[in-house]
Amino acid sequence: MDQGHAMYKFWMLVAQNIPMLRIVIAAALVSSVGAAQTTTGTTGTGSVQGTVVDIGGVPIPGARVFVRTLRNSPSTEADNQGGFLLKGVPVGEVGLSAYKTESGYPYNIFAFFAVPGQDLPEVRVVEGQLTQNVVIRLGAKAAFLRVEITDENGTPVDAHLTFSRPDLVLARPDLRGYGDYRRAVAAKETILVPPVPFRLTALAEGFQPWYFGGDAWQTSKGLIRLNSGQSLIVPIHLHRIH
Amino acid sequence: MIDKTYGYAVHGCGLCCPGEYDDRNIVQDPLNLSVGGSSTNPQTVWGIDACNNTKKQLPASGWNTGDHNVATVDSSGNVTAKGAGSTTDSANITNHTTDDRGYCAYLSAPTIGTVNVTQPDHLAVVIDNEGYPQCSQTQEPIYLRQMQMQAVDSNKNPVPQDVYIQEAQSPPNPTNSCPSGGSPVPSSCALTGNVGGVGQFLDSMTVNKNLCVAKGSVPAGCGFSVTSTWSACSSSGTNNLWVSPRVTHSDSVTVDGKSSQWIKGTQCTSSGCS
């Protein structure tokens, strides 16, 4: 906005003795400000048609398809053959994904949920046109992590979990961990997690932080490794800060 | 054995009258709706044939509701929710049954059900989570906090049907200090239910509508502050559901004064989350 204001003053000085130019420049600047204010708006949409398949290429009926690269995404449900038609997709390059929690494919917008074998396509959407034959391949199915969080007396405690994947690194040391995923959970809750090694930390107000693996949490002993479909119950005993 | 027909019916003596139905009921009873919603299927009346013990749909007429401010019903049995509360829906069927003298007689018999209409009152947290989204190797992700919210009634019960909700912002166009971020655009009036269960939706908070941007284009700590107000809209009403001050930065998002996530079941109202 400051740059725009400076530009406005500069061009007004240039144009102050040229009435026609003043009108043209003023109109252009108004248009420019309007465009800046609507950078997050939608200028046009198109549609995407395709199929959701599993790691072996078998269609996944009923998977919910969404645009994973936009804050507010249209979504639709795949049909009985895994086919989908997603309408109202903003124009430009967009990344697609899909999930079906009840079948072991969790909502995967966050990087933490990236799994081996997945192929989440990026497509170019053109206004008013249909982009066809897009295949969304969901990779390995999730594992099941059940946390049971209590205090020293066995009383259930709600907590905040941080899941960290050491294999995901963002080359921006000024930003928080790329592979980290944070989520509040009830004292007993089951979460779908990717079948890849990750670390787990629990935080609750008034309690000391808890790390899977204890003092060795930064070593390989602090890594949780689960296969697709495998379940693990993790008892988390929190200790109050005195 | 009693001869109920007394000569004018064709079936002779028996334990039932032809066309006599027991246990008559409206199929969707109670019918639970949200304000502005309608029954998915028209109401129907079913009963058990007293002669052969089979269940049958009965011809029904005269559909009506007890309180038109709560719900109305058309002649085909389609119910529309008008306002919060509880009322009856009813229809008449013609039942061939035994009269006081033991004759089989046709009687108009009312069948009554209950319609409960719920108004969204506030929101409850289903999942509150945050992190970086998946992007291609050539791009950089924008930090994202997503809250999956549930519209609930004043008793904290989930609304029985999807409702229309919208978001408003104060200030309307907050200044975003992130380059190319632009002002956030509030969610327009739309029906819940496109994520999770009935009455649920996603509230996504980031400094840019695009979750994957050019590498190095967004500095740490830039962003904006805004108060989001979620309210009912369209046929679902106008009442505020959640007033939520946020501080949205490129590396953290604070919601209602909390930079960590709200626990599942947290109630969020016009006074914020607690």
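Just above, that's the structure.
Residues numbered from 1 in each chain as written. Chains lettered and ligands numbered in written order. Predicted model: local features only at pLDDT ≥ 70, side-chain atom pairs only at ≥ 80, totals over all residues.

**Q** Help me out: how do you make sense of the overall build of chain A in this one?
**A** Looking only at helices and strands, one finds two helices and 14 strands in chain A. Across the 242 residues in chain A, those meeting the buried criterion constitute 31%. At a minimum sequence separation of 6, the contacts of chain A that also span at least 24 residues come to 67%. (Helix = DSSP H or I, 4+ residues; strand = E, 2+ residues; numbered from the N terminus. Buried ≥ 20, exposed ≤ 12 C-beta atoms within 10 Å, placed from the backbone. Contact = placed C-beta atoms within 7 Å.)

**Q** Just to check I follow, could you spell out the sheet that holds strand E14 (residues 190-191) of chain B for this structure?
**A** Hydrogen bonds between backbone groups are what pair the strands of a sheet, and the pairing can be parallel or antiparallel. Residue and element names in this part refer to chain B. A sheet is described by the order of its strands in space; here five strands give the open sequence E14-E13-E17-E18-E19, paired in antiparallel fashion. Here the strands that pair on one side only, and so sit at the sheet edges, are E14 and strand E19 (253-255). Pairing of strand E18 (residues 240-249) with E19, which is carried by three bridges, proceeds in the antiparallel orientation. Paired with Val 247 across the two strands is Thr 254, which belongs to E19. (Pairing = 2+ DSSP bridges.)

**Q** Would you take a moment to explain unusual backbone geometry for this structure?
**A** Most peptide bonds adopt trans geometry, and most residues besides glycine take a negative phi value. Put simply, Asp 29 of chain B and Pro 30 of chain B share a cis peptide bond, and its omega is 0 degrees. Mapping Pro 30 of chain B onto the fold places it in the loop between strand E1 (21-26) and strand E2 (31-34). Between Ser 170 of chain B and Pro 171 of chain B the backbone carries a cis peptide bond, its omega angle lying at -5 degrees. Residue position: Pro 171 of chain B is located in the loop between strand E13 (164-170) and E14. The phi angle at Asn 133 of chain A is positive, at roughly 60 degrees, despite the residue not being glycine. Topologically, Asn 133 of chain A is positioned in strand E7 (residues 130-137).

**Q** What should I look at first to understand the interface of chain B and chain A in this one?
**A** A common measure of how large an interface is: the accessible area buried when the components associate. Listed by partner, the interface residues are 33 residues for chain B and 34 residues for chain A. For the side of chain B that touches chain A, the elements supplying multiple residues, two or more each, are strand E10 (122-131) and strand E11 (139-141) of chain B. In terms of residue count, E10 of chain B provides more of the side of chain B that touches chain A than any other element does, five residues in total. Of the residues in the side of chain B that touches chain A, the class split is eleven nonpolar, 16 polar and six charged. Judged from the three bridges that link them, strand E10 (residues 181-185) of chain A and E10 of chain B form a sheet pairing that is antiparallel. Directly across from Arg 182 of chain A, in E10 of chain B, lies its bridge partner Glu 130 of chain B. (Nonpolar A, V, L, I, M, F, W, Y, C, P; charged D, E, K, R; others polar.)

**Q** Sorry if this is basic, but what is going on with the pairing of E13 of chain B here?
**A** Put simply, side chains in a regular strand alternate between the two faces of the sheet. The pairing of E13 of chain B with E14 of chain B spans two bridges and is antiparallel. In the sheet register, Tyr 164 of chain B faces E14 of chain B, and the bridge partner there is Leu 191 of chain B.

**Q** Would you explain the pairing of strand E3 (residues 45-49) of chain B in this entry?
**A** One ladder, built from four bridges, connects E1 of chain B with E3 of chain B; its direction is antiparallel. The partner of Ile 26 of chain B across the bridge, within E3 of chain B, is Val 45 of chain B.

**Q** Looking at this model, I keep getting lost on the nonpolar core. Mind explaining?
**A** Buried together is how nonpolar side chains tend to be arranged in soluble globular proteins. Counting residues in each nonpolar core, the largest one holds 84 residues, and the members touching the most others are Val 52, Ala 63, Val 65, Ala 98 and Ala 202 of chain A together with Leu 123 and Ile 165 of chain B. Other than its neighbours up to four places away in sequence, Ala 63 of chain A contacts Val 52, Ala 78, Gly 82, Ala 98, Tyr 99, Lys 100 and Tyr 105 of chain A. (Core = buried A, V, L, I, M, F, W, Y, C linked by C-beta atoms within 7 Å.)

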